[in-house]
Amino acid sequence: MDKLRNYDISFSGLKNGKHEFRFEIDKAFFQLFDTEQEFTNPRISVDVLLDKHTTFLEFEIKTSGLIELICDITNENFDHPIENQIRVLVKFGEEYDDSDEEVITIPSGDHAFNTAQLIYENVILSIPMKKISPNVSDEDLEILDKFSPKDIEETEEEQHESDPRWDALKKLKDKN
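Cut-offs used in this document
- Residues numbered from 1 in each chain as written.
- Predicted model: local features only at pLDDT ≥ 70, side-chain atom pairs only at ≥ 80, totals over all residues.
- Heavy atoms only, no water.
- Helix = DSSP H or I, 4+ residues; strand = E, 2+ residues; numbered from the N terminus.
- Buried < 20%, exposed > 50% of the residue type's maximum accessible area, 1.4 Å probe, protein only.
- Contact = heavy atoms within 4.5 Å.
- Areas by Shrake-Rupley, 256 points an atom, 1.4 Å probe, with all protein chains shown as cover.
- Lys, Arg positive; Asp, Glu negative; His and termini not counted.
- Charge placed at Lys NZ, Arg CZ, Asp CG, Glu CD.
- Patch = residues over 30% accessible without salt bridge, like charges linked within 9 Å, V, L, I, M, F, W, Y side chains within 5 Å.
- Salt bridge = Lys/Arg side-chain N within 4 Å of Asp/Glu carboxyl O.
- Pairing = 2+ DSSP bridges.
- Axes fitted to C-alpha atoms, helices over the stretch in contact; angles between N-to-C directions.
- Expected span 1.5 Å × (residues − 1).
- Core = buried A, V, L, I, M, F, W, Y, C linked by side-chain atoms within 4.5 Å.

Caption draft 1: Structural view of the overall build of the protein chain. Counting secondary structure elements, the protein chain contains five helices and seven strands. Its helices and strands taken in sequence order, the protein chain reads β-β-α-β-β-β-β-β-α-α-α-α from the N to the C terminus. C-alpha atoms of the protein chain, sized along the principal axes, occupy 80 × 50 × 30 Å. Counting every position in the protein chain, which comprises 176 residues, the buried fraction comes to 29%. A separation threshold of at least 6 residues defines the contact pool for the protein chain, and within that pool the share at least 24 residues apart is 58%. A total accessible area of about 12,700 Å² is found for the protein chain, and carbon and sulfur atoms account for 49% of it. Of the side chains in the protein chain, 20 bear a positive and 41 a negative charge, and the two mean positions are spaced by 3 Å.

Caption draft 2: Quick peek at a nonpolar patch on the surface. Together, Trp166, Leu169 and Leu172 give the surface a local cluster of nonpolar side chains, amounting to about 360 Å² of exposed area. Within the secondary structure, tryptophan 166 is located in helix α5 (residues 164–175).

Caption draft 3: Inspection of the pairing of strand β4 (residues 56–70) at higher detail. Relative to β4, strand β3 (residues 40–52) runs antiparallel, the two being bridged by 11 bridges. Across the sheet, residue isoleucine 44 finds its bridge partner in β4, namely glycine 65. Taking the residues between adjacent antiparallel strands as the criterion, β3 and β4 are bridged by three residues. In terms of strand pairing, β4 meets strand β5 (residues 77–93) through 15 bridges, oriented antiparallel.

Caption draft 4: View of the sheet that holds strand β6 (residues 103–107). Pairing in this open sheet of five strands is mixed, and the strands run β2-β3-β4-β5-β6 from one edge to the other. Taken across any chain shown, the strands that pair with only one partner, and hence form the sheet edges, are β2 (17–25) and β6. For this sheet, the mean inter-axis angle between neighbouring strands, taken without regard to orientation, is 25°.

Caption draft 5: Examining the pattern of salt bridges more closely. All chains considered together, the criterion is met by six salt bridges. Residue glutamate 38 pairs with lysine 131 through a salt bridge whose shortest N-O separation is 2.9 Å. Of this pair, glutamate 38 sits in the loop between α1 (27–31) and β3 while lysine 131 is found in the loop between α2 (116–124) and α3 (138–146), placing the two residues 93 residues apart along the sequence. Between lysine 62 and glutamate 60 there is a salt bridge, and its shortest N-O distance comes to 3.5 Å. Overall, the relative accessible area of 38% leaves lysine 62 in the partly exposed class. On the basis of relative accessibility, which here comes to 13%, the residue glutamate 60 falls in the buried class.

Caption draft 6: Examining the pairing of β3 more closely. Where β2 and β3 come together, nine bridges link them in antiparallel fashion. Residue pairing in the sheet places glutamate 24 in a bridge with serine 45 of β3.

Caption draft 7: Representation of α5 in the model. Taking 1.5 Å of rise per residue, the 12 residues of α5 would be expected to cover 16 Å, and the 17 Å separating its terminal C-alpha atoms lies within 8% of that figure. Judged by how many residues are buried, α5 sits mostly at the surface: zero of 12 residues are covered.

Caption draft 8: Expanded view of the nonpolar core. Judged by nonpolar contacts, the single largest core of 34 residues is most densely connected at Ile25 and Phe29. Sorting the residues of this core by element identifies β2, α1, β3, β4, β5, β6 and α2 as the ones contributing at least two each. Beyond its immediate sequence surroundings of up to four residues, phenylalanine 29 is in contact with Tyr7, Ala116, Ile119 and Tyr120.

Note that all results are geometric; they support no functional claim without further evidence.
Okay, here's the thing in structure tokens:
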């Protein structure tokens, strides 16, 4: 956890109320997580709003910026805008527990909360499943539609509906 210490937010010396923090995220941040990324060249700003109360903390984490993705159709790189926001309630308890995605429990003796995992998840959840470049031409989309397997599935369903062996079995079932 030492490598993620830069993303700790120390709340013990802060007064009750709202406090703002800002992080600039790049490739080095994602290398801290030892996972393979679906994107390259991240240029992301993270705004963390901490609303400190006497018995709990509220975090609002907003990410915005650009990442570079590879288009699923043309296999070309393109910049994709990232924008996401999550809210998390942090309460104090005996031990760390993040089993609830909206409420995280941290030990009562802690004086700081590490936001790195929340920032990471916020960015990862912003990546679309289908990565389609805005530069994809209508011609590429027509070719893709032409070779789409939709027509094959529909004709197979029609063939299965009129199988005479099943019709004979259905007649036997209906007599009983």
